[in-house]
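A look at the structure
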Amino acid sequence: MLQTIAAFDRIGEENAFAVLARATALAQSGKDIVNLGIGQPDFRTPEHIVEAAIKALRDGHHGYTPATGLLATREAVVRRTLATTGIEVSPETVMIMPGGKPTMFAAILMFGEPGAEILYPDPGFPIYRSMIEFTGARPVPVPIREENGFAFSAEETLALITPRTRLLILNSPANPTGGVTPRGEIEKLVRGLEAHPHVAILSDEIYDVMTYDGEKHCSLLTFPEIRERLIVLNGWSKTWAMTGWRMGWSIWPNAPEGGRLYDKVRKLAVNCWSCVNAPSQFAGIAAIDGPQDEVEKMMRAFDRRRTIVVEGLNGLPGISCITPKGAFYAFPNVSKTGWQAKKLANALLDDAGVALIGGPDFGVLGEGYLRLSYANSEENILRAIERIGDFLEKNAN
Ligand code: PLP
């Protein structure tokens, strides 16, 4: 990898942050804005988690921790992983990270270089492509299609692998689509990957427990055949409403081959962020080990809002929306409105006071779609739907 100023020029953006800034500026100027743009729970971090951080500071936990994270926090992740996947990982493979994104950054940096190819979902979280481009590797989009319920297609994914492919990025439940890839499809994918031992896998499972309708998340960790080339990204941001705490974790391959990767990411931490702040790591333990009733309450609220969003959108002219199975996003198809998605997103913010994200901000296959985050109250969601409907009636294209 050659990092020059030119490489920095290839770094992209996450437009959700730009939309949030614009929406906030408009709101501050007195405009009534309903914000369905940003991907973070609108709930407060549960009180016992906040208290654990305060107690940690009062107890004097304000210094450096090991670069890989406190053993107690890593052990909490081990317990949580066992509970959600049935798989026991070693704390020596767990890395506590300052959020979910740094795992993406580290994994893509490890495998990306000019001449390499990295497969990533399109539409997908925009940072994947941005980081791939930063490394000089060729980004190869894996199409994520509405007709598949926005799940990965094993066949289509495998067909894109070449001898130059170094890394395959998977994300389920997914941002921006809410798609959940069923276990059967992941099994097919893993079986196919056995013919491509040169391909490492980054599985972004940050929305792992955010599924609906009895849908079960399938962790890539449950496939021992790929364990030695698998990196799992996860974190506290979404599940426990902790986006601003900057708390994530990743699970790296076992030694010996994997031990080297783990050591590399540890060194990256030493050189870059030293460690995640200590009180947050104590909060992270409380989040995992403490009562989950607030998480369950949040998920019940998301589920109700999901129904409201989907029914509301499907009642609007030119819009159709499949029911998302996970995360807290709806990804309606707006192609029949006659509007280009980004133009529509901009117009809805400026003229209707609804902040949401145009599908093309998540990749070229996002054209014709909008992303709505339903991390907002039922009342606000209903207001947003009404405003979008009024806007479309007055501005038929
Ligand atoms: N991965 C996906 C799919 C996401 O949607 C997000 C945040 O929106 C992240 C990772 C990053 O999470 P964090 O805020 O913990 O860095």
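If you're wondering where the values come from, they're calculated on a predicted model, not measured in any experiment.

Quick look at the domain arrangement of the chain
It is common to give the size of an interface as the accessible area that goes away when the parts come together. We note that the domain assignment places domain 1 (6-45 + 293-394) and domain 2 (47-289) within the chain. Each of domain 1 and domain 2 was reduced to a C-alpha centroid, and the two centroids are 25 Å apart. Sorting the residues of domain 1 by area buried against domain 2 places Thr-45, Lys-325 and Phe-362 first, and these three jointly supply 22% of that buried surface. The tally of links between domain 1 and domain 2 comes to three salt bridges. Notably, a salt bridge pairs Lys-325 with Glu-215, separated by 3.9 Å at the nearest N-O pair. Only α1 (5-9), α11 (293-314) and β9 (329-330) provide two or more residues apiece to the side of domain 1 that touches domain 2. The greatest single-element share of the side of domain 1 that touches domain 2, amounting to six residues, is contributed by α11. Split by residue class, the side of domain 1 that touches domain 2 holds 22 nonpolar, ten polar and nine charged.

Notes on the site of the ligand
Lining the immediate environment of the ligand, one finds 14 residues, of which Gly-100, Asp-204, Tyr-207, Ser-237 and Lys-238 sit closest. Within the contact set of the ligand, an oxygen atom lies 2.6 Å away from a side-chain nitrogen or oxygen of Ser-237. Taking Lys-238, its side chain carries an N or O atom lying 2.6 Å from an oxygen atom of the ligand. Looking at the shell around the ligand residue by residue, the classes come out as five nonpolar, five polar and four charged.

Some thoughts on the sheet that holds strand β5 (residues 165-171)
Read across the sheet, seven strands follow the order β2-β8-β7-β6-β5-β3-β4 without closing on themselves; strand pairing throughout is mixed. A strand with exactly one partner marks an edge of an open sheet, and here the two such strands are β2 (94-97) and β4 (138-143). With direction set aside, neighbouring strand axes in the sheet form an average angle of 20 degrees. As paired elements, strand β3 (residues 117-122) and β4 share six bridges and run parallel to each other. In the strand pairing of β4, Tyr-120 is matched with Pro-141. Docked against the sheet, helix α5 (residues 101-111) engages β2, β3, β5, β6 (200-204), β7 (230-235) and β8 (248-251), running at close to 160 degrees with respect to β7.

Things to note about the packing of helix α3 (residues 47-58) against helix α10 (residues 278-289)
Running from N to C, α3 and α10 cross one another at 140 degrees; their axes reach a closest spacing of 8 Å. The hand of the α3/α10 crossing is right-handed. From α3, His-48, Ile-49, Ala-52, Ala-53, Ala-56 and Leu-57 reach across to α10, where they touch Pro-279, Phe-282, Ala-283, Ala-286 and Ala-287. By residue class, the composition of the contact of α3 with α10 is ten nonpolar, one polar and no charged.

Thoughts on the side chain of Thr-81
Residue position: Thr-81 is located in helix α4 (residues 71-85). Among all residues touching Thr-81, those that are not within four sequence positions of it are Gly-86, Ile-87, Val-89, Leu-221 and Ile-251.

Rules used in this analysis
- Sequence order as written defines residue numbering, which begins from 1 separately in each chain.
- Where local features are concerned, this predicted model is filtered to residues with pLDDT of at least 70; where side-chain atom pairs are given and counted, the filter is 80 or more; whole-chain, interface and lining totals use all residues.
- With hydrogens and water excluded, all non-hydrogen atoms of the structure serve as input to the side-chain values.
- The start and end points of each domain follow an automatic or database-based domain assignment.
- By definition, the buried area sums, over both parts, the 1.4 Å-probe accessible area that each loses when the two are put together.
- Should a side-chain nitrogen of Lys or Arg be within 4 Å of a carboxyl oxygen of Asp or Glu, the pair is scored as a salt bridge.
- Put simply, DSSP H or I for four residues or longer makes a helix, DSSP E for two residues or longer makes a strand, and each gets a number counted from the N terminus.
- Here the term charged refers only to Asp, Glu, Lys and Arg, the term nonpolar to Ala, Val, Leu, Ile, Met, Phe, Trp, Tyr, Cys and Pro, and the term polar to all other amino acids, Gly among them.
- Any residue with at least one heavy atom within 4 Å of a molecule or strand is counted as near it.
- By the criterion applied in these results, polar contacts are pairs of N or O atoms within 3.5 Å in which, for protein atoms, one can donate a hydrogen and the other can accept it, and in which residues neighboring in sequence qualify only through two side-chain atoms.
- Pairs of strands are assigned from DSSP output, requiring at least two bridges between the strands.
- An axis is simply a line fitted to the C-alpha atoms; with a helix, the fit covers only the stretch in contact. Between two such axes, the angle follows the N-to-C directions and lies from 0 to 180 degrees.
- Whether two residues are in contact is decided by their heavy atoms, any of which lying within 4.5 Å being enough.
- Crossings are assigned a handedness: left-handed for a near helix turned anticlockwise from the far helix by less than a right angle, right-handed for a clockwise turn.

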